[in-house]
Amino acid sequence: NAGVTQTPKFRVLKTGQSMTLLCAQDMNHEYMYWYRQDPGMGLRLIHYSVGEGTTAKGEVPDGYNVSRLKKQNFLLGLESAAPSQTSVYFCASRLSGRAAGANVLTFGAGSRLTVL
Amino acid sequence: GEDVEQSLFLSVREGDSSVINCTYTDSSSTYLYWYKQEPGAGLQLLTYIFSNMDMKQDQRLTVLLNKKDKHLSLRIADTQTGDSAIYFCAESIRGTGGFKTIFGAGTRLFVKA
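Remember, predicted model here, so these are calculated numbers, not experimental data.

Participant: What exactly am I supposed to notice about the overall build of chain B here?
Facilitator: Along the backbone of chain B there are 0 helices and 11 strands. Relative to its length of 113 residues, chain B is compact, with a C-alpha radius of gyration of 14 Å against a globular reference of 13 Å. Dimensions along the principal axes, computed over C-alpha positions, put chain B at roughly 45 × 30 × 20 Å. Counting all 113 residues of chain B, 46% fall into the buried class. Across chain B, every contact between residues at least 6 apart in sequence was considered, and the portion connecting residues at least 24 apart equals 56%. Of the roughly 5,500 Å² of accessible surface on chain B, a fraction of 48% belongs to carbon and sulfur atoms.

Structure representation (structure tokens):
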């Protein structure tokens, strides 16, 4: 099983350009999340989804949009990239339910984005 | 509020014990987690503890939870150079859109040979 796959792994953008990061999971997980990781700030939640067709805002949603048209895919879009969005982006997924096993996140390997 | 805090760096000698501490603010957390991130990789679950437990032991790992003080710690016995990584404390809480996991800033563990 591939688990959680993120594409692309690396991308360099100019200020104002747009792009989409794709996250795909093959574990039939209900929940999917997008985080960004910055030095000294850990992982901050951008947006998340509790099921196909649903999305919710996390801690730092501004400047990003997401879509969950299919259960296995969660897309993160930057409409007009800014240097402050230079970061490493991680996608994660998990099963639904209250059990601890269900709350454990499976992470992708990350996507490094640089905005010049 | 939702906040998880942990110190940013810890340095230990190989063979010593490492203790990484974390404090959290949301008393409704039912599960607390420790994740490990190795260079260039995503996070992987190390261990977790249910909020009605005080301690959990898993081989070289011991997790202590003080729910009154909202304090979580991870002890790694006989620390090895392969344990060098970033360790994240995390809590699972219910948000308006469903359950979400909130992470601390991560503690970078350096193990000196």
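Participant: What is the right way to read the pattern of salt bridges from this model?
Facilitator: Two side chains of opposite charge can pair, provided their charged atoms sit close to one another. Tallied over the entire structure, the rule returns 6 salt bridges over all chains. With its nearest N and O atoms 3.6 Å apart, the salt bridge here joins Lys68 of chain B to Asp69 of chain B. For Asp69 of chain B, a relative accessible area of 46% translates into the label partly exposed. Each of the salt bridges in this network shares a partner with another, and the network as a whole consists of Arg36, Asp38 and Arg44 of chain A.

Participant: Got a minute to help me understand unusual backbone geometry in this structure?
Facilitator: Glycine aside, negative phi is the norm for most residues, and most peptide bonds take the trans geometry. A cis amide bond links Thr7 of chain A with the next residue in sequence, Pro8 of chain A, at an omega value of -5°. Relative to the helices and strands, Pro8 of chain A is located in the loop between strand S1 (4–7) and strand S2 (10–13). With a phi close to 60°, Asn28 of chain A is a non-glycine residue in the positive phi region. Examined against the element boundaries, Asn28 of chain A turns out to sit in the loop between strand S3 (19–25) and strand S4 (31–38). According to the relative accessible area criterion, Asn28 of chain A is exposed, its value standing at 52%. Residues other than glycine seldom take positive phi values, yet Lys70 of chain B does so here, at roughly 55°. Of note, Lys70 of chain B is situated in the loop between strand S7 (61–66) and strand S8 (71–76). On the accessibility criterion, Lys70 of chain B (24% relative accessible area) is partly exposed.

Participant: Got a minute to help me understand the sheet that holds S3 of chain A in this structure?
Facilitator: What holds strands together in a sheet is hydrogen bonding between their backbones, with the strands either parallel or antiparallel. Residues and elements named next belong to chain A. Strand order across the open sheet formed by 4 strands is S1-S3-S8-S7, with antiparallel pairing between neighbours. Where the open sheet ends on each side, the last strands, each with one partner, are S1 and strand S7 (64–67). Taking the axes of each pair of neighbouring strands and ignoring which way they run, one obtains an average angle of 20° across the sheet. One ladder, built from 6 bridges, connects S3 with strand S8 (residues 73–78); its direction is antiparallel. Residue Leu21 lies in a different strand from S8, and its bridge partner there is Leu76.

Participant: I tried to follow the packing of aromatic side chains on my own but got confused; where do I start?
Facilitator: Geometrically, a pair of aromatic rings is defined through the distance of the ring centres and the angle of the planes. Applying the stated criterion to the full structure yields 15 aromatic pairs over all chains. When the ring of Tyr33 of chain A is compared with that of Tyr35 of chain A, the centres are 6.2 Å apart and the planes differ by 25°; the resulting orientation is stacked. In this pair, the class of Tyr33 of chain A matches that of Tyr35 of chain A, namely buried. On the basis of an interplanar angle of 45° and a centroid distance of 6.0 Å, the ring pair of Tyr33 of chain B and Tyr48 of chain B is categorised as tilted. Here Tyr33 of chain B is found in strand S4 (residues 31–37), whereas its partner Tyr48 of chain B is found in strand S5 (residues 43–50), with 15 residues between them in sequence. The exposure class assigned to Tyr33 of chain B is buried, which follows from its relative accessible area of 0%. Site record: aromatic cluster; members linked through ring pairs are Tyr31, Tyr33, Tyr35, Tyr48, Phe90 and Phe107 of chain A together with Tyr33, Tyr35, Tyr48, Phe88 and Phe103 of chain B.

Calculation rules
- Residue numbers run consecutively from 1 along every chain, following the written order of its sequence.
- To read the labels, note that chains go from A and ligands from 1, taken in the order they are written.
- Totals for whole chains, interfaces and linings use every residue, but because this is a predicted model, local features are given only for residues with pLDDT of at least 70 and side-chain atom pairs only at 80 or more, for both listing and counting.
- As a rule here, side-chain values cover all heavy atoms of the structure and leave hydrogens and water aside.
- Strands are runs of DSSP state E lasting at least two residues, helices are runs of H or I lasting at least four, and both sets are numbered from the N terminus onward.
- For the radius of gyration, the atoms used are the C-alpha atoms, and the globule rule reads 2.2 Å times the number of residues raised to 0.38.
- Burial classes follow relative accessibility: with a 1.4 Å probe on protein chains only, a residue under 20% of its type's maximum area counts as buried, one over 50% as exposed, and anything between as partly exposed.
- Whether two residues touch is decided by their heavy atoms; if any such pair falls within 4.5 Å, the residues are in contact.
- For accessible areas, the Shrake-Rupley method is used with a probe of radius 1.4 Å. Any residue's cover is judged against the shown protein chains and nothing else.
- Each reported salt bridge corresponds to a side-chain nitrogen of Lys or Arg within 4 Å of a carboxyl oxygen of Asp or Glu.
- For two strands to count as paired, DSSP must find a minimum of two bridges between them.
- Lines are fitted to the C-alpha atoms to define the axes, a helix being fitted only along its stretch in contact, and any angle between axes, read from their N-to-C directions, falls within 0 to 180 degrees.
- Only centres within 6.5 Å qualify two rings of Phe, Tyr or Trp (six-membered ring in Trp) as a pair; their planes then separate them into stacked at under 30 degrees, edge-to-face at over 60, and tilted for everything else.

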